[in-house]
Amino acid sequence: MNVYLKIRSALSDKNKGRLTRFLIQTGLKPKVNKRAVTPFKQGIIVFSADFEMAWAFRFSKTRQSEAVKKGLEERENVPVLLGLFEQYNIPVTWATVGHLFLNECKQGSDGLPHPEMPRPGFFENRNWNFSSGDWYQHDPCTNVISDPSWYASDLIDQILASKVNHEIGCHTFSHLDFTYKNCPKSLADAELDACIRVAAEKNIKLKSMVFPGGTFGNYESLKEKVFTCYRVPMNNHIDLPYVDSNGLVAIPSSLGLDKDPYGWSKEFHLKMIRRFLEKTAKYKLVCHFWFHPSMDEWYLENVMPDVLNLVAEYRESSKIQVKTMGQLADEFKKLTAETKRREGRNKYT
Ligand SMILES: [Zn+2]
Ligand SMILES: [Zn+2]
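Residues numbered from 1 in each chain as written. Chains lettered and ligands numbered in written order. Predicted model: local features only at pLDDT ≥ 70, side-chain atom pairs only at ≥ 80, totals over all residues. Heavy atoms only, no water.

1. Considering the side chain of Asp189
- Mapped onto the secondary structure, Asp189 falls in helix 5 (residues 185–200).
- On the basis of relative accessible area, Asp189 is assigned to the buried category, the value being 15%.
- Contact partners of Asp189, with chain neighbours within four places excluded, come to Ser221, Glu224 and Lys225. (Helix = DSSP H or I, 4+ residues; strand = E, 2+ residues; numbered from the N terminus. Buried < 20%, exposed > 50% of the residue type's maximum accessible area, 1.4 Å probe, protein only. Contact = heavy atoms within 4.5 Å.)

2. Considerations on the side chain of Asn77
- Topologically, Asn77 is positioned in helix 3 (residues 67–87).
- Within the structure, Asn77 has its side chain in polar contact with the backbone oxygen of Met295 (distance 3.3 Å).
- Beyond its immediate stretch of four places on either side in the chain, Asn77 contacts Pro293, Ser294, Met295 and Leu300. (Polar contact = N/O pair within 3.5 Å; in protein donor to acceptor, adjacent residues only side chain to side chain.)

3. Examining the coordination of the zinc ion (ligand 1)
- Within the protein, the atoms that donate to the zinc ion (ligand 1) are His99 (NE2), Cys105 (SG), His114 (NE2) and Asp139 (OD), at distances of 1.9 to 2.2 Å.
- Seen from the zinc ion (ligand 1), its four donor atoms lie at angles of 99 to 122°, and the figure they make is tetrahedral.
- Along the chain, the residues that donate to the zinc ion (ligand 1) are spaced as H-x5-C-x8-H-x24-D. In this pair, His114 is assigned in the loop between strand 2 (93–96) and strand 3 (123–124) and Asp139 in the loop between strand 4 (129–130) and helix 4 (153–161), connecting sequence segments 25 residues apart. Exposure class is identical for His114 and Asp139. Each is buried. (Donors = N, O, S within 2.8 Å, 3.2 Å for Na, K, Ca; no water. Tetrahedral: all angles 85-135°; square planar, octahedral: opposite > 155°, others 65-115°.)

4. Quick notes on the coordination of the zinc ion (ligand 2)
- Coordination of the zinc ion (ligand 2) by the protein comes from Glu52 (OE), His171 (NE2) and His175 (NE2), over a distance range of 2.0 to 2.1 Å.
- Donor residues for the zinc ion (ligand 2) sit on one chain with the sequence pattern E-x118-H-x3-H. In this pair, Glu52 is assigned in the loop between strand 1 (43–51) and helix 3 and His171 in the loop between strand 5 (167–170) and helix 5, connecting sequence segments 119 residues apart. For the pair Glu52 and His171, one class covers both residues: buried.

This is how it looks when you write it as structure tokens:
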């Protein structure tokens, strides 16, 4: 842990808020990789959504009892978000839990949900504790009408029907811990295969991965299943992607969009977004905003429309471009391949 994180973790919530505010005011946040040699002609903004509904919270250490409520909030918010993104013509990578592609599911003959799926062993991580019962014990095994927090085929259809060219990405089938420690390769493969199968029924090819709860791992499985990219925090908020040892494009994660626990005003939130946009444009790097569709109502109604308006303004004045994770990964690989070819040529001339 670096010194900054050590100091920060020792502060009260109120003081953490003050510290971040100070860093934004003084221009120390967002941190930018100023040494990066960018292949881009403009800064690039990416939006991704962790679309997960009740699945994300069922083993949460602090919010397990809210799982269904969170799912319903997401259900309510997704159409509002789609309307906003359509108004500003901004595409999003919707990293979707595979089970949400279903309209219904049924218990197997042994009484268990999804007998076809392997399960993780018991584990505890930073956010979740799975210590008894079956991994799918909360699955209602009904349908979208009876239990609308657990199924969302209809919402995925709404995303696909939008005039904006959104991307559907992957957030695993059952929102499990994807680390090497808690997810053996056979389980990772089965989770991805299940997602690929249900997505194919809607003619979707999954290319982009968002690891549930930041549980990074099993990159080899992603490579084998022909994914191209994933979202990951880097040392700088605004940075360049890189191609990892598996040939996958790692895309920086910059800022989560939601109400803060510190009581910041709408004006301060927008000031912060402006700082991210200014630096992204200036250094021609990548800034990746992500959010949970279950975001706070105040943020959704008061801040999100102005965030999108600002992004659209920057795009209209040609300071930035907006891309999905998949588009960015393809473009980045193309540009780095061109640079390599050029460098290779230069060596012999
Ligand atoms: Zn199910
Ligand atoms: Zn998640």
